[in-house]
Amino acid sequence: MDVHFSMSSFLSIVLQALLSSSRGSLEPYDLLYNNAVDAFYRSDYKDVVRYMEGALSSYAEVRQTKVRCRLRCQDQHPFDSVTMDLQFFDVVLRRSNCQNECVEEKVGTQSMHKVSEDVNQDFQRRIPYNYLQLAYQKLKQLDKAAAAAHTYFQANPEHVEMDQNLEQYKALEGTDQDHFVDREARPHQMSFSAGVKLYDSADYKGAIAQFEEALQEYYKADVECRALCQGPQRFEEQDHVLYRYSLYELVSVNMVEEAMECAQSYLLFHEGDEFMTENVEYYREAVGHDVKPREKAEWYLRRHKQELELLVIGSENMHVEFTEGHYWTSTGGREDSNRIPSGTDGWMEYVPISEKKNFTLAPPQELREGGPLVYDSVRLVQNSKALNGTQRVLLDDVISVDECAELTNLAHTVTMAGDGYRGKMSPHTPNERFEGATVLKTLQYGYEGRVPLKSARLFYDASERARRIIESYFLLNSTLHFSYTHLVCRTAIAGQQDHRNDLSHPIHADNCLLDPEANECWKEPPAYTYRDYSALLYLNGDFEGGEFIFTEMDAKTVTAQVKPKCGRMVGFSSGGENPHGVRAVTRGQRCAVALWFTLDPLFRELERLQADEVMQALDNQSSQSQWDTSLNINPKDEL
């Protein structure tokens, strides 16, 4: 039993003891999730199921409790009579206090349920279901494995291997179509899907009933979503519930007025849509008079506008944002929380205040490549044309064999499971061990004498070398800044490689959300939208699998493949033009320096700026006399 597991188990026992002493408390889902992941790596699949199902149940209960409490507190403390700023903030504080008391009454002390953003994202991306489908498969419970796999795939349609797993489940004896259910499906999703099936079978009357029910359930889901976010926001989980193009006018056979009513409602949210406008004109001529949009749709749009005006008015004075029962202002709180909504195509997106005031976006840069490689040793292997894409480059000899060996040895010393991803044990696949370290952590180890300082500096210098090469080769007309720097190794887990068909890192784009079915890449959170260029500097090639691949937007058609080896670097622009992933590492360990860059100095990597200061201090120290011990640096302060 290793030290990490022992400490994790000890903390779990302590936390569970504390919870058991509080009557009515709900076990935190991050604790249950962590226990499930630990059980997975012990191959204790019964415990994986027990803890992961408990985590999903706890997550759902916390969410519903917050919804119920916030809706109740909104009713008890409305903004209707607010006329002055002080009254406005009085209502805010009363709501916050009401919500806190309500939540703690239902699920226990709130501090036990303050979960990191990374864990929340795992649940939103349905990662627990990936573990569950593997665990149920090992336990020979194929019906539950199929349901878990299907549920995961609904939120991750770009996951090619899960698609293949589903096909295998369908072919297995003991599974039938009824097993492939989406465990996370909401009522409006189920009604919508049922309506589509009825429409496809020409049962238009039945389809209309289902679509009407889907709309009503969607309004309820929207109310819940707004209660959770306390402000207008795109309902990310339900993107697929958008209207089908011209759907209502097609199914409203012999119900022309109702069809016109639906078409007019559609135009409220998609003003000027040419096809729908033509339909309205056709319906108007058919019925001989005008028909207004649905009152519910008009109310829904007015509500959007009222919330927008409220937040804009508040932001003019205090830049207010509500989140999780708190509010943040420009005079305190998180720097990146001062946001106001800006309407786009009927939805809402968040724009930083800095983009509204005294900030002008630079014009888009002309896509160019072929600039100097800066260092004499570096060799151009393939350009964009040879790699069948745009803004792509493959280079060799970026670092030497000795430098590869030194950085690999450094990785074996400083990397920790999931480090750099805030504790995620294996963020991409449970079949590999994922370990990493940041520049700042490595310099800390070097300063403390835990690794050779020379090796720590090499990591810093090699990443700077990569940055300069990318900036020069792509002929950028402005400075390229570090967005994130990561020394990372992926290791195949023995005993879990038989018949493996998943990827080490699923197909994705670095600054947008890849949508293979729509052939789009949506540049919106949680994607790192500010990233402009990416690079991977490889340290070794003595492993099986692990090839880097570019694909088309469909996330399936491979356009280029790169076999890692010491000193090789692949660089590319970070947008939807360059979907990419990593094939499964099936034997050995694959190590690399992963780098992401931004042209926007507002999004420079904070740890990199701190590392720059540490390097400057170390340089100053080396220039002093060996007897001069006056270096003014405290690793705890700086690091």
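What counts as what
Residues numbered from 1 in each chain as written. Predicted model: local features only at pLDDT ≥ 70, side-chain atom pairs only at ≥ 80, totals over all residues. Heavy atoms only, no water. UniProt positions renumbered as here; feature names shortened; annotations may be inferred. Helix = DSSP H or I, 4+ residues; strand = E, 2+ residues; numbered from the N terminus. Buried < 20%, exposed > 50% of the residue type's maximum accessible area, 1.4 Å probe, protein only. Areas by Shrake-Rupley, 256 points an atom, 1.4 Å probe, with all protein chains shown as cover. Disulfide = S-S within 2.5 Å. Pairing = 2+ DSSP bridges. Axes fitted to C-alpha atoms, helices over the stretch in contact; angles between N-to-C directions. Salt bridge = Lys/Arg side-chain N within 4 Å of Asp/Glu carboxyl O. Parallel < 35°, antiparallel > 145°, perpendicular 65-115°, else oblique. Left-handed = near helix turned anticlockwise from the far one by under 90°. Contact = heavy atoms within 4.5 Å. Nonpolar A, V, L, I, M, F, W, Y, C, P; charged D, E, K, R; others polar. Phe/Tyr/Trp six-rings, centres within 6.5 Å; stacked < 30°, edge-to-face > 60°. pLDDT = per-residue confidence, 0-100. Expected span 1.5 Å × (residues − 1). Arc of directions from axis to C-beta.

Under an unreviewed UniProt entry, the name given to the protein is procollagen-proline 3-dioxygenase, and the organism recorded is Salmo trutta. If you open the UniProt record of the protein and go to Sequence similarities (unreviewed entry), you find "Belongs to the leprecan family."

Asker: Summarise the overall build of the protein; cite the residues concerned and give the values.
Answerer: When you go through the protein residue by residue, the secondary structure sums to 19 helices and 20 strands. Across the 639 residues in the protein, those meeting the buried criterion constitute 50%. In the form shown here, the protein has an accessible surface area of approximately 32200 Å², with 50% of it arising from carbon and sulfur atoms.

Asker: Any details on the state of the cysteines? Residues and values, ideally.
Answerer: Applying the stated rule across the entire model yields 5 disulfides. A disulfide bridge connects C73 with C98, and the sulfur atoms are separated by 2.0 Å. Handedness here is read from the sign of the S-S torsion; for C73 and C98, about -80 degrees, the answer is left-handed. Of this pair, C73 sits in helix α3 (residues 45–76) while C98 sits in helix α4 (residues 85–107); the two residues are 25 residues apart in sequence, bridging distant segments of the chain. You'll find C73 and C98 in the same group, each marked buried. The connectivity of the disulfides in the protein is 1-4, 2-3, 5-9, 6-10, 7-8, where the numbers refer to bonded cysteines in sequence order.

Asker: Tell me what's going on with the sheet that holds strand β16 (residues 558–562), and back it up with residues and numbers.
Answerer: Strand order in the open sheet formed by 4 strands is β10-β18-β15-β16, and the pairing between neighbours is antiparallel. Where the open sheet ends on each side, the last strands, each with one partner, are β10 (503–508) and β16. Each strand axis lies, on average, 25 degrees off the axis of its neighbour in the sheet, ignoring direction. Taken together, the 4 bridges between strand β15 (residues 548–551) and β16 define a ladder with antiparallel strand orientation. Among the inter-strand pairings, F548 is bridged to a residue of β16, identified as V562.

Asker: How would you explain the pattern of salt bridges if you had to name every residue and give the values?
Answerer: With the rule as written, the count across this model stands at 25 salt bridges. Notably, a salt bridge pairs R126 with D182, separated by 2.9 Å at the nearest N-O pair. Taken together, the residues R126 in the loop between α5 (117–124) and α6 (127–138) and D182 in the loop between α8 (160–171) and α9 (187–200) connect sequence positions 56 residues apart. Among the residues examined, R126 registers a relative accessible area of 12% and is labelled buried. The partner of R379 in a salt bridge is D396, with the nearest N and O atoms 3.5 Å apart. Of this pair, R379 sits in strand β5 (residues 379–382) while D396 sits in strand β6 (residues 392–396); the two residues are 17 residues apart in sequence, bridging distant segments of the chain.

Asker: Outline the packing of helix α16 (residues 439–447) against helix α17 (residues 453–473), supporting the account with residue identities and numerical values.
Answerer: Running from N to C, α16 and α17 point in directions that differ by 155 degrees, and their axes come no closer than 7 Å. One way to sum up the angle between α16 and α17 is to call them roughly antiparallel. Two packed elements cross with a definite hand, and for α16 against α17 that hand is left-handed. Residues V439, T442, L443, G446 and Y447 of α16 form the contact with α17, whose own contacting residues are L453, A456, R457, F459, Y460 and S463. When the residues that make up the contact of α16 with α17 are grouped by side-chain class, the tally is 7 nonpolar, 3 polar and 1 charged.

Asker: Any details on the packing of aromatic side chains? Residues and values, ideally.
Answerer: Counted by the stated rule, this structure contains 19 aromatic pairs. The interplanar angle of 75 degrees and the centroid separation of 6.2 Å between the aromatic rings of Y528 and Y530 together place this pair among those described as edge-to-face. For Y528, a relative accessible area of 39% puts it in the partly exposed group. On the accessibility criterion, Y530 (23% relative accessible area) is partly exposed. With a centroid separation of 5.0 Å and an interplanar angle of 85 degrees, the aromatic rings of F548 and F550 are classed as edge-to-face.

Asker: So what about the confidence of the model for the protein? Which residues, and what values?
Answerer: Detail in the predicted coordinates should be disregarded across regions flagged by low pLDDT. In the predicted model, the protein carries a mean pLDDT of 76, and 75% of its residues have values of at least 70. Below pLDDT 50 for its whole length, residues 231–253 participates in 71 contacts with residues either more than four positions away or in separate chains. Counted against residues more than four places away or in other chains, residues 310–364, with its pLDDT under 50, gives 94 contacts.

Asker: Outline the packing of helix α15 (residues 401–414) against α17, supporting the account with residue identities and numerical values.
Answerer: The N-to-C vectors of α15 and α17 enclose an angle of 115 degrees; their axes lie 10 Å apart at closest approach. Read as a crossing pair, α15 and α17 show a hand that is left-handed. Contacts between α15 and α17 involve E403, E406, L407 and L410 on the former and, on the latter, K454, S455, A456, L458, F459, A462 and R465. Here the contact of α15 with α17 is built from residues that sort into 6 nonpolar, 1 polar and 4 charged.

Asker: Explain helix α2 (residues 29–41) to me, using residue names and the numbers behind them.
Answerer: In this model α2 runs 19 Å from its N-terminal to its C-terminal C-alpha over 13 residues, within 8% of the 18 Å that 1.5 Å per residue would give. Counting buried positions along α2 yields 10 of 13 residues, so the element is predominantly enclosed. Taken as a whole, α2 has its buried residues at Y29, L31, L32, Y33, N35, A36, V37, D38, A39 and F40. Positive phi shows up at S43, right after α2, with a value of about 65 degrees.

Asker: So what about the environment of M615? Which residues, and what values?
Answerer: Position of M615 among the secondary structure elements: in helix α18 (residues 606–623). The exposure class assigned to M615 is buried, which follows from its relative accessible area of 4%. Taking the C-alpha atoms as reference points, M615 and Y460, separated by 155 residues in sequence, lie 8.8 Å from one another. Setting aside residues up to four positions removed in sequence, M615 forms contacts with L443, R457, Y460 and D461.

Asker: Give me the lowdown on helix α13 (residues 274–287), citing residues and values where you can.
Answerer: When the terminal C-alpha atoms of α13 are compared, their 20 Å separation across 14 residues agrees well with the 20 Å that a helix rising 1.5 Å per residue should span. All buried positions along α13 are accounted for by M276, N279, V280 and Y283. Along the axis of α13, the buried residues cluster in a sector spanning 100 degrees; they form a single face. With respect to the buried face of α13, the exposed residues turned more than 90 degrees away are E274, Y282 and E285.

Asker: Would you mind going over the environment of L480 in detail, with residue names and values included?
Answerer: Structurally, L480 is set in the loop between α17 and β9 (481–492). Owing to a relative accessible area of 1%, L480 belongs among the buried residues under this scheme. The sequence separation of L480 and L599 amounts to 119 residues, and the corresponding C-alpha distance is 5.0 Å. Discounting chain neighbours no more than four positions away, the residues touching L480 are R467, I470, E471, Y533, F597, T598 and L599.

Asker: Which residues make up the side chain of R467, and what values go with them?
Answerer: Mapped onto the fold, R467 is located in helix α17. If we skip the residues at most four places from it in the chain, R467 touches T479, L480, F482 and F597.

Asker: Could you give an account of the environment of D90, with specific residues and numbers?
Answerer: In this fold, D90 is placed in helix α4. The partly exposed category is assigned to D90, whose relative accessible area is 35%. Residues D90 and F79, spaced 11 residues apart in sequence, show a C-alpha to C-alpha distance of 10.0 Å.

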